[in-house]
Structure formats: C-alpha cells, structure tokens
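What the coordinates show
Below are the chains, spelled out letter by letter.
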Amino acid sequence: MPELNELPQGWKWVRLGDVAKQDRLIVEPYSELSNNLPYLGLEHIESNSGKILKYIQEKIEDEGKSTTFYFNENHILYGKLRPYLNKVALPNFEGRCTTELMPFLPKDNINREFIAWILKRDETISFVMQEATGSRMPRADIDKLLNLIIPLPPFPEQQRLATLLTANTLLIEQAKEKITAQLQAAQELTAAYLREVFESEEAKGWEWVKFEDIADFKNGINFNASQKGSGLLTIDVLNM
C-alpha cells in the first residue's frame with residue numbers, strides 16, 4: 001500500500017474490496033424469480049443524489065428479456081456505465097437490475113450508507129474514470145475500483161458521518177427546491193406584470209403598428225470598419 005496521510009485515531013486505510021464485495025447473483029430472464037421482482041435500469045437512478053426514480057410496481061416493456069442481477073435492501077447499486085454520472089443508489093426493497101448496475105454488498109460492521117458516500121466522492125469518480133475502459137461510453141473496471149484505497153473509521157463513526165452527510169444533503173436539496181420555487185414565482189410575477197401593463201385600460205387606446213415600422217431588421221451582425229476588432233457591435237434601431 002502506498003504511503004498515505006495520517007488518519008485520526010481508530011481510523012485506518014483499507015481497500016474498498018476489504019469492506020465490500022461484488023454480489024453478482026444472476027436472475028435469468030423469463031424465470032419465476034424474474035417475473036416476481038421489480039426491475040431497475042440505469043435510467044431509474046438520478047445522478048449524484050442516487051434517488052430511485054421508479055415505482056416498484058411499475059412495469060416496463062421488454063424489461064424481462066435480459067439477464068439481470070439480484071439485489072435487496074442490504075446492497076449498494078453502483079452505475080458502471082459512464083461512471084461520471086455518479087449513479088449510486090441505496091434500495092430499500094428487493095429487486096433485480098441491469099448488469100450495468102453492480103450490486104455491492106458491505107461486509108460485517110461496515111455501514112452501507114458510509115460506503116455509498118465513499119463511492120460518490122469526486123476522488124472516487126476521478127479514480128474510476130482514469131481506469132475506465134471505452135472512450136465514447138466509458139465503463140468502470142470493477143476489479144480496479146475494488147483496489148481503491150479509502151479511509152475507514154470505526155463503525156460508530158461510520159454511522160455518525162453517514163447520518164450527518166445525509167442530513168446535510170437533504171438540507172441542500174430543500175434549499176435548492178426553495179430557490180427553484182422562488183425563481184418560478186419571480187418569472188410568473190414578471191409575466192403577470194407584463195399582462196397587467198399590456199391589457200390595461202390605458203393600453204386599449206394605444207396605436208397598433210407593425211414591428212417593421214419602428215425598427216430595422218438585418219440578417220447577421222454587421223461591423224463598422226472603424227469598429228472591427230474593437231468588440232463593439234452596431235444595431236440600427238429607429239428612434240421611437
């Protein structure tokens with residue numbers, strides 16, 4: 001193991017494969033098990049957040065025609081294809097998934113949420129992309145990923161950090177939702193103000209004209225010879 005920075009007391013450097021393993025339990029297509037388990041594809045996991053975007057009961061055409069991996073609430077689902085999309089999910093149900101999702105099973109005394117956060121780190125994504133195969137559609141090399149060296153605290157600290165990270169992420173998501181709602185409200189307010197102005201009693205007495213009567217329109221952008229290279233553009237508009 002290469003020389004690494006000193007860690008807090010009780011922490012240690014380990015390889016990812018020391019604390020979690022691939023769990024490649026095959027579910028054959030058209031099998032009874034396949035028919036009874038909900039299916040997840042890569043498209044059903046949101047980038048970065050890891051949210052599962054599919055109802056368990058939702059059926060998808062052709063979803064039972066290929067080999068899949070079994071998973072349950074003990075697994076971490078890791079997106080192998082285009083790992084820069086950072087698709088890492090923590091299912092709370094039993095199901096089966098595309099083989100482009102790798103089910104990882106944490107070992108004893110290893111917190112599942114903590115390992116999921118390790119997989120989501122920018123450092124992990126950079127490591128995986130350096131080792132990925134394929135240029136247009138890069139795919140993670142799972143064997144090399146399992147050789148990634150990670151910091152591992154004692155189990156109670158794993159739990160504490162995982163809980164803290166999850167709580168802070170939830171606060172960030174809530175803040176983003178509020179900002180989005182405020183932006184939407186501001187846009188609607190602007191539209192409402194424009195309607196108020198242009199649909200007012202005063203506006204009913206305005207003169208109707210064609211836009212071409214009050215402005216010149218030219219295709220493309222014209223530069224004055226004196227302004228070439230100056231970064232200035234000229235737009236011809238009639239005085240109103």
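Before any of the text, the structure's been laid out above.
Given the structure is predicted, the values throughout are model-derived calculations rather than measurements. (Residues numbered from 1 in each chain as written. Predicted model: local features only at pLDDT ≥ 70, side-chain atom pairs only at ≥ 80, totals over all residues. Heavy atoms only, no water.)

A word on the layout of surface pockets. Roughly 340 Å³ of volume is contained in the largest pocket. Lining the largest pocket are 15 residues, and of these S49, W117, K120, T166 and T169 sit closest to its centre. Among the secondary structure elements, those contributing two or more residues to the lining of the largest pocket are β7 (88–89), α3 (112–120) and α6 (155–198). The greatest single-element share of the lining of the largest pocket, amounting to five residues, is contributed by α6. For the lining of the largest pocket, the per-class residue count stands at six nonpolar, four polar and five charged. (1 Å grid on protein atoms, 1.4 Å probe; cavity = no way out; pocket = protein on both sides within 12 Å on 5 of 7 lines; lining within 4 Å. Points joined across faces, edges and corners; volume = space filled by probe spheres on them. Helix = DSSP H or I, 4+ residues; strand = E, 2+ residues; numbered from the N terminus. Nonpolar A, V, L, I, M, F, W, Y, C, P; charged D, E, K, R; others polar.)

Right, let's talk about the nonpolar core for a bit. Core analysis: the largest hydrophobic core is formed by 35 residues, its most contacted members being Y78, F104, I115, L119 and L145. The leading source of residues in this core is α3, at five residues. Ignoring any residue separated from it by four or fewer positions in sequence, one finds F104 in contact with K21, Q22, N74, H75, I76, Y78, L119, I142, L145 and L146. (Core = buried A, V, L, I, M, F, W, Y, C linked by side-chain atoms within 4.5 Å. Buried < 20%, exposed > 50% of the residue type's maximum accessible area, 1.4 Å probe, protein only. Contact = heavy atoms within 4.5 Å.)

Once that is clear, we can look at the side chain of R112. With respect to the helices and strands, the residue R112 is situated in helix α3. We note that R112 is buried and unpaired, the nearest opposite charge coming from E113 at a distance of 4.0 Å. Of note is the side chain of R112, whose polar atom sits 2.9 Å from the backbone oxygen of E73. Not counting the four nearest positions on each side in its chain, R112 is found in contact with E73, N74, H75, I76, L90, P91 and P106. (Lys, Arg positive; Asp, Glu negative; His and termini not counted. Salt bridge = Lys/Arg side-chain N within 4 Å of Asp/Glu carboxyl O. Polar contact = N/O pair within 3.5 Å; in protein donor to acceptor, adjacent residues only side chain to side chain.)

Remark: a regular strand shows side chains that alternate across the two faces of the sheet. One ladder, built from two bridges, connects strand β3 (residues 26–27) with strand β5 (residues 68–71); its direction is antiparallel. If you follow I26 over to β5, its bridge partner there is F69. In this structure, β5 lies alongside strand β8 (residues 95–97), joined through three bridges in antiparallel fashion. Across the sheet, the residue bridging to Y70 is R96, located in β8. (Pairing = 2+ DSSP bridges.)

Right, let's talk about the pattern of salt bridges for a bit. Proximity of charged atoms lets side chains of opposite charge pair with each other. Under the definition given, this model contains four salt bridges. With a closest N to O distance of 2.7 Å, E100 and R139 form a salt bridge. Residue E100 is found in the loop between β8 and β9 (101–106), and its partner R139 is found in the loop between α4 (122–131) and α5 (142–145); the two are separated by 39 residues along the sequence. Since its relative accessible area comes to 19%, E100 is described here as buried. The exposure class assigned to R139 is partly exposed, which follows from its relative accessible area of 31%. Among the ionic pairs, R160 bridges to E157, the shortest N-O distance being 2.8 Å.

With that out of the way, let us pick up the environment of Y55. With respect to the element layout, Y55 can be found in the loop between β4 (39–40) and β5. A relative accessible area of 66% means that Y55 is categorised as exposed. Residues Y55 and Y39, 16 residues apart in the sequence, show an inter-C-alpha distance of 9.7 Å.

With respect to the element layout, H44 can be found in the loop between β4 and β5. At 2.7 Å, the side chain of H44 forms a polar contact with the backbone nitrogen of G41.

What follows is about the pairing of strand β6 (residues 76–79). Of the two faces of β6, the one lined by I76 and Y78 and the one lined by L77 and G79 are each fully buried. Pairing of β6 with β9, which is carried by four bridges, proceeds in the antiparallel orientation. Paired with G79 across the bridge in β9 is L101. As paired strands, β6 and β7 are joined by two bridges and run antiparallel to one another. The residue of β7 that forms the bridge with Y78 is V88.

Let us now look at the sheet that holds β9. A sheet is described by the order of its strands in space; here four strands give the open sequence β2-β9-β6-β7, paired in antiparallel fashion. The open sheet is flanked by β2 (20–22) and β7, the only strands paired with a single partner. Where β2 and β9 come together, three bridges link them in antiparallel fashion. The residue bridging A20 from the neighbouring strand is P106, located in β9.

That's the geometry; what it means functionally is another story.
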